[in-house]
Amino acid sequence: MSTDGLIVVDKPGGMTSHDVVARIRRLAKTRRVGHGGTLDPMATGVLVIGVGRATRLLTYVIGAGKSYTGTIRLGQATVTDDAEGDVIASTPAGHLTDDAIRSALAPLRGEVDQVPSAVSAIKINGQRAYKRVREGESVELPSRRVTISRLEVLAIRRTEPDLVDVDVDVTCSSGTYIRAIARDAGLALGVGGHLTALRRTAVGGFTLAEAATLDDLEQRAPEVVNLPLDAAADRFFARREATPEEARVLAHGGPLDPTGRTGPYAVFGPAGGLIAIVSERDGRARAEIVLAPA
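Residues numbered from 1 in each chain as written. Predicted model: local features only at pLDDT ≥ 70, side-chain atom pairs only at ≥ 80, totals over all residues. Heavy atoms only, no water.

J.: So what about the side chain of Lys66? Which residues, and what values?
T.: As for its position among the elements, Lys66 is in strand 4 (residues 66-74). No salt bridge is formed by the buried Lys66, whose closest oppositely charged neighbour, Asp40, lies at an N-O distance of 13 Å. Polar side-chain contacts of Lys66 include one of 2.9 Å to the backbone oxygen of Ala64. Setting aside chain neighbours within four positions, we find Lys66 in contact with Val61, Val170, Thr171, Cys172, Ser174, Arg200, Ala202 and Val203. (Helix = DSSP H or I, 4+ residues; strand = E, 2+ residues; numbered from the N terminus. Buried < 20%, exposed > 50% of the residue type's maximum accessible area, 1.4 Å probe, protein only. Lys, Arg positive; Asp, Glu negative; His and termini not counted. Salt bridge = Lys/Arg side-chain N within 4 Å of Asp/Glu carboxyl O. Polar contact = N/O pair within 3.5 Å; in protein donor to acceptor, adjacent residues only side chain to side chain. Contact = heavy atoms within 4.5 Å.)

This is how it looks when you write it as structure tokens:
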């Protein structure tokens, strides 16, 4: 089995994304491993891992849309906007109606300017925001435009008198913080809110249905790659077939004639192997990354 490719992992709770990368490095017996989008330690679900040359595809994976299921707890605000942080305010939420909760979530759909959680990995003057918060600083991050294409209420549960738990299903653009949705819903309702559970169900076209657990990967190590490089590129990008001459030019970094396609696409050689990820600009099709073996 190829050592260059992607692995769709079902990340367990309690591990950082870096912890998962470290485990895969050991299993795959290579240092060249990376992940395609951080999941908080509390969160579980789809984490796309790149091995070998496929690590160069991860920049595209990181930018892909994502889907989640999660639980918003109304009635408590935390310093991290999730269950890992200390509760900083409690306001009884038992009086909230289902209609009021749904109405508070409605403005959070679509293209919105979202302020990321202060306890995040975003850098401020070279230092992670969460480190500044832990050192006692008050951190204010600028808002960023994100797209929340689906924010569906799956259930509203009242298991404690002053708290309301709202199960949601979310599809959103890269860079969206589900914790921030919980915080903003709580603020809109005047009771505070935070996230108590989060499971990522999809990254781009990669879903939980094909995800392997770390135990699964342990069993088949070192052959842990389940989507070799060529198949991964074919799955993630539109495909263009190159002639022998085009393949030679592209493998050496030269441009091809354009086809009029928008967005990056994968170019494969006559023998079926991946050569490069290409985008068209200024009347030429140029390689963004060359992946053909040297």
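The structure having been displayed, the exposition proceeds.
J.: Lay out the nonpolar core in plain terms, naming residues and giving numbers.
T.: By size, the foremost hydrophobic cluster in this structure holds 31 residues, and its most contacted members are Ile72, Leu74, Ile101, Leu105, Val166 and Ile181. In this structure Ile181 touches Ile72, Leu105, Leu108, Gln114, Ile148, Leu151, Val170 and Thr176, once residues within four positions along its chain are discounted. (Core = buried A, V, L, I, M, F, W, Y, C linked by side-chain atoms within 4.5 Å.)

J.: Talk me through unusual backbone geometry; I want residue IDs and the actual numbers.
T.: Between Ala221 and Pro222 the backbone carries a cis peptide bond, its omega angle lying at 5°. Position of Pro222 among the secondary structure elements: in the loop between helix 6 (214-220) and strand 14 (227-228). The phi dihedral of Asp81 is positive, around 65°, even though this residue is not glycine. The phi dihedral of Asp282 is positive, around 50°, even though this residue is not glycine. Overall, Asp282 belongs to the exposed group, its relative accessible area being 75%.

J.: Give a description of the pairing of strand 16 (residues 265-268) that names residues and reports values.
T.: Here strand 16 shows no split at all, with Tyr265 and Val267 on one side and Ala266 and Phe268 on the other all buried. The pairing of strand 15 (residues 238-241) with strand 16 spans four bridges and is classified as parallel. Each residue of the ladder has a partner; that of Ala238, found in strand 16, is Tyr265. Pairing between strand 16 and strand 17 (residues 274-281): four bridges, direction antiparallel. Across the sheet, the residue bridging to Phe268 is Leu274, located in strand 17. Where strand 16 folds back on strand 17, the antiparallel hairpin that results is connected by five residues, among which Gly272 adopts a positive phi of roughly 95°. (Pairing = 2+ DSSP bridges.)

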